[in-house]
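# Chain and residue survey
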Amino acid sequence: MDLRIFTEPQQGATYDTLLTVAKATEDLGFDAFFRSDHYLRMGNVDGLPGPTDAWITLAGLARETKRIRLGTLMTAGTFRLPGVLAIQVAQVDQMSGGRVELGLGAGWFEEEHKAYGIPFPKEKFARLEEQLEVVTGLWGTDPGKTFDFHGTYYDLTDSPALPKPAQRKIPVLVGGHGPSRTPRLAAKYADEFNMPFGSVEDSERQFGRVRAAAEEAGRGDELTYSNALVVCVGRDDAEVARRAAAIGREVDELKLNGLAGSPAEVVDKIGRYAEIGSRRIYLQVLDLDDLDHLELISAQVQSQLS
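Reading guide: rules and limits
Residues numbered from 1 in each chain as written. Predicted model: local features only at pLDDT ≥ 70, side-chain atom pairs only at ≥ 80, totals over all residues. Heavy atoms only, no water. Helix = DSSP H or I, 4+ residues; strand = E, 2+ residues; numbered from the N terminus. Buried < 20%, exposed > 50% of the residue type's maximum accessible area, 1.4 Å probe, protein only. Contact = heavy atoms within 4.5 Å. Lys, Arg positive; Asp, Glu negative; His and termini not counted. Charge placed at Lys NZ, Arg CZ, Asp CG, Glu CD. Phe/Tyr/Trp six-rings, centres within 6.5 Å; stacked < 30°, edge-to-face > 60°. Lys NZ or Arg CZ within 6 Å of the ring centre and 35° of its normal. 1 Å grid on protein atoms, 1.4 Å probe; cavity = no way out; pocket = protein on both sides within 12 Å on 5 of 7 lines; lining within 4 Å. Points joined across faces, edges and corners; volume = space filled by probe spheres on them. Nonpolar A, V, L, I, M, F, W, Y, C, P; charged D, E, K, R; others polar. Core = buried A, V, L, I, M, F, W, Y, C linked by side-chain atoms within 4.5 Å. Axes fitted to C-alpha atoms, helices over the stretch in contact; angles between N-to-C directions. Parallel < 35°, antiparallel > 145°, perpendicular 65-115°, else oblique. Left-handed = near helix turned anticlockwise from the far one by under 90°.

### Side note on the overall build of the protein chain
On a plain count of helices and strands, the protein chain comes out with 11 helices and 12 strands. Relative to its full complement of 306 residues, the protein chain shows a buried share of 53%. The contacts of the protein chain with a sequence gap of at least 6 include a subset with a gap of at least 24, amounting to 73%. The distance from the centre of the 34 positive side-chain charges to the centre of the 46 negative ones in the protein chain is 3 Å.

### What about the packing of aromatic side chains?
Taken as a whole and judged by the stated rule, the model has six aromatic pairs. Ring plane angle 90° and centroid distance 6.3 Å describe the contact between Phe193 and Phe207, whose orientation is recorded as edge-to-face. One end of the pair, Phe193, is in strand β9 (residues 192-196); the other, Phe207, is in helix α7 (residues 200-216), with 14 residues separating them in the sequence. Like Phe207, Phe193 is buried. Both rings, one in Phe207 and one in Tyr225, keep their centres 5.1 Å apart while their planes meet at 55°; by these two values the pair is tilted. Here Tyr225 lies in strand β10 (residues 224-233) and Phe207 lies in helix α7, a separation of 18 residues in the sequence. With respect to burial, Phe207 and Tyr225 carry one shared label: buried. A cation sits over an aromatic face here: Arg181 above Phe125, 4.2 Å from the ring centre. The positively charged end of Arg211 is found above the aromatic ring belonging to Tyr225, 4.5 Å away from the centroid.

### Looking at the layout of surface pockets
The space that makes up the second largest pocket amounts to roughly 160 Å³. Looking at the second largest pocket, it is lined by 13 residues, and the ones nearest its centre are Gly77, Thr78, Pro121, Arg127 and Tyr154. A per-class count over the lining of the second largest pocket returns seven nonpolar, three polar and three charged.

### A word on empty space enclosed by the protein
Per the counting criterion, the structure on display carries one cavity of 30 Å³ or more. Roughly 60 Å³ of internal volume is contained in the largest cavity. Among the secondary structure elements, those contributing two or more residues to the lining of the largest cavity are β10 and β12 (280-285).

### Regarding the nonpolar core
Core analysis: the biggest nonpolar cluster contains 72 residues, and Trp55, Leu102, Trp139 and Leu283 have the highest contact counts within it. Looking at this core, the element that brings in the most residues is helix α5 (residues 124-140), giving seven residues. Those residues within four positions of Trp55 in sequence are excluded, and the remaining contacts are Thr72, Thr75, Arg80, Leu85, Val89, Val92, Val100, Glu101 and Leu102.

### Side note on the packing of helix α3 (residues 82-96) against α5
In contact at an axis separation of 9 Å, α3 and α5 are set at 45° when each is read in the N-to-C sense. Judged by the inter-axis angle, α3 sits oblique to α5. For the pair α3 and α5, the crossing hand works out as right-handed. Taking contact as the criterion, the partners of Pro82, Gly83, Leu85, Ala86, Val89 and Ala90 in α3 are, on α5, Gln131, Val134, Val135, Leu138 and Trp139.

### Describing the packing of helix α2 (residues 54-64) against α3
Relative orientation of the contacting elements α2 and α3 amounts to 15°, with a least axis distance of 8 Å. The orientation of α2 relative to α3 falls into the category roughly parallel. When the axes of α2 and α3 are compared, the crossing they make is left-handed. For the pair formed by α2 and α3, the contact residues are Trp55, Leu58, Ala59, Ala62 and Arg63 on the first element and Leu85, Val89, Val92, Met95 and Ser96 on the second. The residue makeup of the contact of α2 with α3, split by class, is eight nonpolar, one polar and one charged.

Shown next as structure tokens:
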């Protein structure tokens, strides 16, 4: 089971804070550092000092880390044109020496679009499908050839399809709870399917839908299946309660909907996700100043899983 650190910088984080967490992620043996792609804080936080851009952040981290994978859960399709996104991600992949992964979603948070003047179209899912086809098509075009795409929302003619990523193929992540269109999209374009904040039971059902769609698409068991879950681990009940309070959550709710409790409790629950086929857990870390939390997870959770 791979454990990856997943951050939500829109809640309030500087680049320097993210760099510190990314370096700790690497030093403590975690597999990857991922971040959300949002420009507006959510819930009862001030979000200070303000948002950081996902791909600018990852470009910086690409030069300041050496081993960990880097990526997004999920890049909002409403924020970027697919041709521009393909260039950005390929460049960051080059900068990292081939360690980038792209999670791409439709975009959903209407308030942040209003706050920053970003169009929020009705037909987001259909746009996402075209975006996935354009981005993967540009990367997959042989050097010296051109790429054309004529869709409903995007039109590319005689694109040189450059630059190319350092990796032969950048892994693409698709995720979500949708029962029909999401599995079909994952089966067609994704290397990994991610179930965000879902129970073991809901994840098992969704993984089954994606597997069925992948088999129908002739892809068999090619996809990796993963979960994203909030994490709150403590050496004892008092430490769990302190960490839950620091992120404005209740312990019982976290235990129900995330990975919370003692290291043994968290290892046991991760095991339940492993039993249904999850091979990778994105640990949503909400208190980015609590590096002791990461050290505890590394020493007493990750060590048992490896």
